[in-house]
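One letter stands for each residue in the lines below.
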Amino acid sequence: MAQEVTLANWSDVARLFALGLVPNLAQGVIIRRPLAVRLAAGLDTNAWACRSLDRLRERYGPGPVLVGVPGRQSLVLLSVEDVRRVLGETGASFTAANKEKSAALSHFEPDGVLITPGAARAQRRRFNEAALDYPAAEHRFHEVFREAIREEARPLLAGGTLTWKRFHAAYQRIVRRIVFGDAARDDERITELRDKLRGDGNWFMLHRKRHSLRRELFVRTQRYLDLPEPGGLARAVCDTPAAADVKPVAQMQHWFFAFDAAPIGAYLALGLLAGRPAEAARARADRAYLQACVLESQRLWPTSLALLRDTTVETHWPGGVTLPAGTAVIFCSSYFHRDARRLSYADRFEPEVWLDGRAEADWSIAPFSRGSAECPGRNLVLFTSATLLTELLRCDWRLSSSHRLGPGRPLPRTVDHTSLRLTAGGSPTAVPAPPVAQDTA
Ligand code: HEM
């Protein structure tokens, strides 16, 4: 049952802003700022945010808390029942095209489905699902993708030490090959354009729109669709019927942007396995378990820290409260995923929860969201990351940075993936013939 709404007092609002909002804005919500991420991890700022939400729940109970700032009322969710209501009714009383999210994403994907309100949303969603083969476990081109991933993985096995810089550069090449085709492998300009515009997105509506950069990004994308034989998802786009309003190039910008969260989850999963030889051995032998490890890393450190909705109509809440259309609703997944009052495994690495139905049954565990705006790229991400990790797990990796990712104590709530270093022990098993691809990082 949905819970009663209460209004937070000004000191709780101030605490929430200072301990929850400010550290996340500083780290960058659309593209991470490495120095701020390092500082946040040093201070474990997500633990502060969790404590301030715990405090709200202690003071006001499990019902949603209304945070009033002039011009914008926001409802902060504190119970699983309310999360289920809001995510489940997305598309009806709630829209995923929240005002702040739209301001941030419109810098590079103004017509992306996630920020499309109204009637156009349904056909854009249908297009995304069709081109991404959602919800199939494997995309129709998965064999081609697997080959690309293997090629890009091989150079990472040489050299003994794995850094974020090398891992990320390889993953970026994989993403370009999957989204635009092999022809885009070395198109670093397209990544640069995306990331500049994401940097603008970190400032929401406060940054001016750089139309010429966006035009260049769209023109470059269109070129991959216009090739005589487009590759990757570009080929799926060409094969998918699209009404005039769908704007496939804009949909592709979301895929290209969202894929950049995948290396963070995959690299941290490798870091978690590096300190757990038994789990690493199981991940080598069992693909479903390896995917569960990737999901578990996304639970522990969700790359979308909060999911935002706006109400589209008046909504009624227990206690006789009616909220006007246009109220923001905030679901802090990073809080619910680590809710030690409900989850015995909150701060532990426990991939089994993704295999035995526990995570699936709980709507507040939602690294890829739930309901009608659930991520249609989820299975593609799991395929890509698990295939890459399968290659890398040919080596035994050890943590060579000071990250506290091993078993035996609670995992930190904030982590700096950019300074994580891994060292290979022993030589890789059965590495195929020398790579065609070069590690250009
Ligand atoms: C680790 C990587 C990724 C994560 C954690 C992730 C997570 C999410 C989340 C949480 C949402 C819902 C946002 C909301 O409810 O406000 C979402 C939406 C979406 N994602 Fe992903 N995503 C990832 C990668 C991808 C990739 C690679 C693609 C496509 C190739 C993709 C396509 C989409 C699309 C099209 C939507 C919008 C769905 C809609 O509005 O109906 N995502 N994703």
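No experiment lies behind these values; they were computed from the predicted model shown. (Residues numbered from 1 in each chain as written. Predicted model: local features only at pLDDT ≥ 70, side-chain atom pairs only at ≥ 80, totals over all residues. Heavy atoms only, no water.)

Draft legend 1. View of unusual backbone geometry. A cis amide bond links tyrosine 134 to the next residue, proline 135, at an omega of 5°. Topologically, proline 135 is positioned in the loop between helix H6 (120–132) and helix H7 (142–157). A positive phi angle, close to 65°, is found at serine 369, a residue other than glycine. Inspection of the secondary structure puts serine 369 in the loop between helix H17 (358–361) and helix H18 (378–392). Here serine 369 falls in the buried class, since its relative accessible area comes to 10%. (Helix = DSSP H or I, 4+ residues; strand = E, 2+ residues; numbered from the N terminus. Buried < 20%, exposed > 50% of the residue type's maximum accessible area, 1.4 Å probe, protein only.)

Draft legend 2. Here's a closer look at the pairing of strand E2 (residues 65–69). Where strand E1 (residues 6–7) and E2 come together, two bridges link them in parallel fashion. For threonine 6, the partnering residue across the bridge sits in E2 and is valine 65. Sheet topology places E2 next to strand E3 (residues 72–76); five bridges connect them, and they run antiparallel. When the bridges of E3 are listed, valine 67 appears paired with serine 74. (Pairing = 2+ DSSP bridges.)

Draft legend 3. Region of the structure containing the packing of helix H15 (residues 287–300) against H18. At a closest axis distance of 9 Å, the pairing of H15 and H18 adopts a crossing angle of 110°. On the basis of the axis angle, H15 is roughly perpendicular to H18. The way H15 lies across H18 gives a crossing that is right-handed. On the side of H15, the interface is formed by Arg287, Leu290, Gln291, Val294 and Leu295, while H18 contributes Arg378, Leu382, Phe383, Ser385, Ala386, Thr387, Leu389 and Thr390. Taken together, the residues of the contact of H15 with H18 break down into seven nonpolar, four polar and two charged. (Axes fitted to C-alpha atoms, helices over the stretch in contact; angles between N-to-C directions. Parallel < 35°, antiparallel > 145°, perpendicular 65-115°, else oblique. Left-handed = near helix turned anticlockwise from the far one by under 90°. Contact = heavy atoms within 4.5 Å. Nonpolar A, V, L, I, M, F, W, Y, C, P; charged D, E, K, R; others polar.)

Draft legend 4. Molecular detail of the packing of helix H13 (residues 262–274) against H18. In contact at an axis separation of 10 Å, H13 and H18 are set at 40° when each is read in the N-to-C sense. As far as their axial angle goes, H18 and H13 are oblique. As for the relative orientation of H13 and H18, their crossing is right-handed in sense. Touching Ala262, Ala266, Ala269 and Leu270 of H13 are Val381, Ser385, Leu389 and Leu392, all from H18. Tallied by class, residues from the contact of H13 with H18 come to seven nonpolar, one polar and no charged.

Draft legend 5. The arrangement of the coordination of the iron atom of the ligand in detail. Protein coordination of the iron atom of the ligand is limited to a single donor, Cys375 (SG), which sits 2.3 Å from the metal. Examined against the element boundaries, cysteine 375 turns out to sit in the loop between H17 and H18. (Donors = N, O, S within 2.8 Å, 3.2 Å for Na, K, Ca; no water.)

Draft legend 6. Layout of the site of the ligand. Taken together, 28 residues sit near the ligand, with Lys101, Arg121, Arg125, Arg309 and Cys375 positioned nearest. The separation between an oxygen atom of the ligand and a polar side-chain atom of lysine 101 is 2.6 Å. In the environment of the ligand, an oxygen atom lies 2.7 Å from a nitrogen or oxygen atom belonging to the side chain of arginine 309. Of all the elements in the fold, those that place two or more residues in the shell around the ligand are H6, helix H12 (248–258), strand E6 (307–311) and H18. Element by element, the count of residues in the shell around the ligand is highest for H6, at four residues. The residue makeup of the shell around the ligand, split by class, is 16 nonpolar, eight polar and four charged. (Near = heavy atom within 4 Å. Polar contact = N/O pair within 3.5 Å; in protein donor to acceptor, adjacent residues only side chain to side chain.)

Draft legend 7. Highlighting the sheet that holds E1. Read across the sheet, six strands follow the order E1-E2-E3-E9-E6-E4 without closing on themselves; strand pairing throughout is mixed. If you trace the sheet from one side to the other, it starts and ends with E1 and strand E4 (94–95), each paired once. Here two bridges tie E4 to E6, and the two strands are oriented antiparallel to one another. Its bridge partner being in E6, phenylalanine 94 is matched across the sheet by threonine 311.

Draft legend 8. Spatial organisation of the pattern of salt bridges. Overall, the coordinates contain 48 salt bridges when judged by the stated rule. In this structure, arginine 72 engages aspartate 310 in a salt bridge whose closest nitrogen and oxygen atoms are separated by 2.8 Å. A residue pair is termed long-range when its members are at least 10 positions apart, and arginine 72 in strand E3 and aspartate 310 in strand E6 qualify at 238 residues. Per residue, the accessibility class of arginine 72 equals that of aspartate 310, and both read buried. Residues joined by salt bridges that share partners form a network here, namely Asp54, Arg57, Glu58, Asp339, Arg341, Arg342 and Asp362. (Salt bridge = Lys/Arg side-chain N within 4 Å of Asp/Glu carboxyl O.)

Draft legend 9. Local environment of H6. Helix length check: H6, at 13 residues, gives a terminal C-alpha distance of 18 Å against a target of 18 Å (1.5 Å per residue), a fit within 8%. Summarising the contacts, the buried residues of H6 are in contact with helix H11 (232–239), H12 and H18. Once H6 finishes, aspartate 133 follows within two positions and takes phi at roughly 55°, a positive value. (Expected span 1.5 Å × (residues − 1).)

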